[in-house]
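Fold and geometry: a report
Here's the letter readout for the chains.
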Amino acid sequence: MIMQTQHLNMAAVDNHSAELLVILVPAGQTGFPSQAYPACLETLIEHYKKMGDWHSESKYLLCINPPEFKASRILLVDTNMDIVKADAKRISNVVSDVLEQLNKAKAEIIMPPWLQGGELLIQALFHASYKFSDYKTKTSRREEISVTLLVSDDSLDESLDYARALHNGMSRTRDLANMPGNLCTPGYFAECALALDEQFATISTDVLDEAQLTELGMGAYLAVGRGSVHPGCMPVIRYVGAEPEEPAIWVIGKGITFDSGGITLKKPPGMQSMIYDMCGGASVIGLMAAVAELKLPVNVTGVIATAENMPDGDAFRPGDILTTMSGQTVEIISTDAEGRLVLCDAITYAKQHQPALIIDVATLTGAQIVSLGSHASGLMGNSPQLNQALQQAGDESGDRAWTMPVWPDYQDALDSPFADMRNAGSQSPGMITAGCYLARFAGNTPWAHLDIAGTSFQYGTGNSATGRPLPLLLQFLRNYSNLSAPQWSINTDDCGFLP
Ligand SMILES: [Zn+2]
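Residues numbered from 1 in each chain as written. Predicted model: local features only at pLDDT ≥ 70, side-chain atom pairs only at ≥ 80, totals over all residues.

**As for the packing of helix α2 (residues 85–102) against helix α3 (residues 118–128)**
- Running from amino to carboxyl end, α2 crosses α3 at an angle of 45 degrees, the nearest separation of the two axes being 8 Å. Taken together, the axes of α2 and α3 lie oblique to each other. Once α2 is placed against α3, the crossing between them reads as right-handed. On the side of α2, the interface is formed by Lys-85, Ala-88, Lys-89, Ile-91, Ser-92, Asn-93, Val-95 and Ser-96, while α3 contributes Leu-120, Leu-121, Gln-123, Ala-124, Leu-125, His-127 and Ala-128.
- Residue composition of the contact of α2 with α3, by class: eight nonpolar, five polar and two charged. (Axes fitted to C-alpha atoms, helices over the stretch in contact; angles between N-to-C directions. Helix = DSSP H or I, 4+ residues; strand = E, 2+ residues; numbered from the N terminus. Parallel < 35°, antiparallel > 145°, perpendicular 65-115°, else oblique. Left-handed = near helix turned anticlockwise from the far one by under 90°. Contact = placed C-beta atoms within 7 Å. Nonpolar A, V, L, I, M, F, W, Y, C, P; charged D, E, K, R; others polar.)

As structure tokens, this is what we get:
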């Protein structure tokens, strides 16, 4: 989608030619709340009220050849004056549906001065324009949608730049996440990470290969990919937007390009959706692009913990004991609890680079879907302030997360008779046990974990991958870049990590 702003003298809006002019009408208002809106708009609404076409229940009205207006079509859409996410979604859906019906590609939207939450509307318009049809040989190709925001000043410019970068990042994330497992392999992730290095002068990428990961002692990470013909790797993407010596925020994404479950093979229903087990990794690619596009004054390092989990004669198996990069040993209960195995070594790697903090993002457990569904990502961590900052960024961006406890009480589920821990609890609340497992590797480095199993994709909905939690992460980094000296104290009593 192409989106731009254009200055318009509102007093002359009736003289403005447009294929489709969108006018937002405040819900439940008898008139417009500001003198900034001209009388011609009041007259227009009155006209359709008299005809009975526009009334208190109206959600939208398409007016063809409206009287006294140069625009050939006007779309009246009801809105709250303070737009929340649901309004933004509804308005953007109406606009894109009407464009589709009319087979038109251009809309012009008057952004009135009284409107609050315009940024959410801009983001929703971008979001509604996303289509994934790369693998359909026959598509109804249409011109790219173009939206012009008609404004009276420059106050929306920053919001538009932010929304555009977020959209570009989310589209990358969604495209990558929607790709099938035969094409999106760990090697393909490496190519995407290296492409960022090519595209942005502020980004440099290293791809650690299996030999280097072996050298580092990543026994858990490497075990996961052993059954696959696609070699594992670990792309590390560095963005420098602040002084180079300032500690970076490390964002680690789970990128299991296909998760068959391994020897603990999954059952067929739903297995096809396991191409989405790399949504965390895909969101790291999108995030790094968005951060670089916005030139945020922070240092961010993105890591893709990627492998393919397949059964094979050389695959790791239940009962195996693996030595992680941290030195801690893990007894494998289920080879399908593999995400935490790549993540734990990536977290240890990040810790060795003196990070400001670590956030990991993963489609980690079905239990997250049972607990929170598609409405909120599961948030766990060892720093109350960091949890709070992330939850706040989720609220602000409409991409919510909900903090779950990782109390020491839950740690017992990971006790193993043979190793330091096991990789899955039985009869335990799975989302929390997974968080407890990762907490043992984060130790006393500020760390948070986002379980995005239910929020990052909705299989079978056409566009499936949602691009979440990019809005939350980017908002967090945007807020972070405005903090002078962020402090993240560690609460090991509540978190229960074992020193
Ligand atoms: Zn799995």
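After presenting the structure, the write-up continues.
**Side note on the nonpolar core**
- With 154 residues, the main nonpolar core has Met-288 and Ala-346 as its most contacted residues.
- With eleven residues, helix α8 (residues 279–294) is the single largest residue contributor to this core.
- Each of domain 1 (2–152) and domain 2 (163–495) accounts for three or more of the residues forming this core.
- In contact with Ala-346, not counting residues within four places along its chain, are Tyr-221, Met-234, Ile-252, Val-303 and Ala-305. (Core = buried A, V, L, I, M, F, W, Y, C linked by C-beta atoms within 7 Å. Buried ≥ 20, exposed ≤ 12 C-beta atoms within 10 Å, placed from the backbone. Domains from an automatic or database assignment.)

**A short note on the sheet that holds strand β15 (residues 401–403)**
- Within the open sheet, the eight strands sit side by side as β7-β8-β10-β9-β13-β17-β14-β15. Their pairing is mixed. Of all the strands in the sheet, the pair left with one neighbour each is β7 (203–209) and β15. Within this sheet the neighbouring strands show an average axis-to-axis angle of 20 degrees, counted without direction.
- The pairing of strand β14 (residues 377–381) with β15 spans three bridges and is parallel. Counterpart to Gly-378 in the pairing with β15 is Trp-402.
- Its contacts with the sheet put helix α5 (residues 186–199) on β7, β8 (233–240), β9 (249–259) and β10 (299–309), and the angle it makes with β7 is roughly 155 degrees. (Pairing = 2+ DSSP bridges.)

**Some thoughts on the domain arrangement of the chain**
- Considered domain by domain, the chain is made up of domain 1 (2–152) and domain 2 (163–495).
- A straight line from the C-alpha centre of domain 1 to that of domain 2 covers 39 Å.
- With ten residues of domain 1 at the interface, the matching set in domain 2 holds ten residues.
- Ranked by residues supplied to the side of domain 1 that touches domain 2, first place goes to α3 with five residues.
- For the side of domain 1 that touches domain 2, the residue count by class is six nonpolar, one polar and three charged.

**Topic: unusual backbone geometry**
- Omega for the peptide link from Arg-468 to Pro-469 comes to 5 degrees, which places this bond in the cis form.
- As for its position among the elements, Pro-469 is in the loop between β17 (447–451) and α13 (470–480).
- The phi torsion at Glu-68 lies on the positive side, around 70 degrees, for a residue other than glycine.
- Judged by C-beta crowding, with 10 C-beta atoms within 10 Å, Glu-68 ranks as exposed.

**A few points about the pairing of β10**
- When you tally the buried positions in β10, you get eleven out of eleven residues, the bulk of the element.
- Judged by which residues are buried, β10 turns out to be covered on both faces: Asn-299, Thr-301, Val-303, Ala-305, Ala-307 and Asn-309 on one side and Val-300, Gly-302, Ile-304, Thr-306 and Glu-308 on the other are all buried.
- When β8 meets β10, the two strands line up antiparallel, connected through six bridges. When the sheet's bridge partners are listed, Val-236 is paired in β10 with Val-303.
- With nine bridges connecting them, β9 and β10 associate as parallel partners. Counted as the bridge partner of Gly-255 is Thr-306 from β10.

**Focus: α8**
- Its 16 residues place the ends of α8 22 Å apart at the C-alpha level, agreeing with the 22 Å of an ideal helix rising 1.5 Å per residue.
- Across the 16 residues that make up α8, a large majority, 15, are buried.
- Just downstream of α8, Lys-295 is the residue with a positive phi angle, here 55 degrees. (Expected span 1.5 Å × (residues − 1).)

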